[in-house]
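A structural walkthrough
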Amino acid sequence: MAETPEIFEQSFLVEERHLDEQNHVNNVQYVQWVQDVAKAHWESRATKEQNEKFFWIVVTHEISYKQQAFLGDRILLQTYVGETSHVKSVRHVIIKNAETEKVLVEAKTTWALMDQEKKRPTKISEELKKVFQQ
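Residues numbered from 1 in each chain as written. Predicted model: local features only at pLDDT ≥ 70, side-chain atom pairs only at ≥ 80, totals over all residues. Heavy atoms only, no water.

Attention now goes to the overall build of the protein. Looking only at helices and strands, the protein has three helices and six strands in total. Sequence-ordered secondary structure for the protein, helices as α and strands as β, is β-α-α-β-β-β-β-β-α. Radius of gyration (C-alpha) of the protein: 16 Å, near the 14 Å computed for a compact globule of 134 residues. Oriented by its inertia axes, the alpha-carbon framework of the protein measures out at about 45 × 35 × 25 Å. Classification of the 134 residues of the protein by burial places 41% in the buried group. In the protein, the share of contacts with a sequence separation of at least 24, taken over all contacts with a separation of at least 6, comes to 67%. Distance between charge centres in the protein, computed from 18 positive and 21 negative side chains, equals 7 Å. (Helix = DSSP H or I, 4+ residues; strand = E, 2+ residues; numbered from the N terminus. Rg over C-alpha atoms; globule rule 2.2 N^0.38 Å. Buried < 20%, exposed > 50% of the residue type's maximum accessible area, 1.4 Å probe, protein only. Contact = heavy atoms within 4.5 Å. Lys, Arg positive; Asp, Glu negative; His and termini not counted. Charge placed at Lys NZ, Arg CZ, Asp CG, Glu CD.)

As structure tokens, this is what we get:
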């Protein structure tokens, strides 16, 4: 039976520090948000022991920029973990304008689970897979 991924959300207002020279959110900022929401999701769901034993590294980012965001826009980040293999999982992030619900960015990032002590990739156990499920 397939498991249902948990959708984790964060929201905030676009600030001046998020903007580029054209006065819209800088593309690099979206990448930072993709990383930040992934980290927040992990830290909110993993146990203290899991946080101490493991960490995640990015293997690949795939990002599609759909719309622009501007100063004062309320942004909604939604993320969930999809496919998981031996040491890697694919995390999906959707960044929307919270008021209009228009999708601004869609990202798919492959992450590898690392052993904190050995600093090497490690197997994603069934227990860890359940961290991101409802």
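For any two aromatic rings, the description comes down to two numbers: the centre-to-centre distance and the angle of the planes. Scanning all chains against the criterion turns up five aromatic pairs. Aromatic ring contacts, followed pair by pair, group F12, Y30, W33 and Y65 into a single cluster. The ring of F132 is capped by R91, whose NZ or CZ atom sits 5.2 Å from the centre of that ring. (Phe/Tyr/Trp six-rings, centres within 6.5 Å; stacked < 30°, edge-to-face > 60°. Lys NZ or Arg CZ within 6 Å of the ring centre and 35° of its normal.)

This part takes up the nonpolar core. One recurring pattern in soluble globular proteins: nonpolar side chains tend to sit buried together. Y30, W33, I75 and I95 are the most contacted members of the largest nonpolar core, which totals 18 residues. For this core, the secondary structure elements donating two or more residues are β1 (8-13), α1 (27-45), β3 (74-84), β4 (88-97) and β5 (103-115). The greatest single-element share of this core, amounting to five residues, is contributed by α1. Residues in contact with W33, not counting those within four places in the same chain, are F12, V14, H18, V25, I75, L77 and I95. With twelve residues, the next largest nonpolar core counts A38, F54, W56 and W111 among its residues. (Core = buried A, V, L, I, M, F, W, Y, C linked by side-chain atoms within 4.5 Å.)

Looking now at the side chain of T79. Its place among the elements puts T79 in strand β3. Within the structure, the side chain of T79 is placed 2.8 Å from the backbone oxygen of H92, a separation counted as a polar contact. Leave out the neighbours within four places in its chain, and T79 touches E6, I7, F8, V37, H41, R91, H92 and V93. (Polar contact = N/O pair within 3.5 Å; in protein donor to acceptor, adjacent residues only side chain to side chain.)

With that settled, the discussion passes to the pairing of β4. Of all ten residues that make up β4, eight are buried, and the element is covered over most of its length. Pairing between β3 and β4: eight bridges, direction antiparallel. Note that in β4 the partner of Q78 across the bridge is I94. Adjacent in sequence and paired antiparallel, β3 and β4 are bridged by three residues. Looking at chain direction, β4 and β5 are connected through nine bridges and run antiparallel. Within β5, the position partnered with K96 by the bridge is V103. Between β4 and β5, which pair antiparallel one after the other, the connecting turn spans five residues, and E101 there sits at a positive phi close to 65°. (Pairing = 2+ DSSP bridges.)

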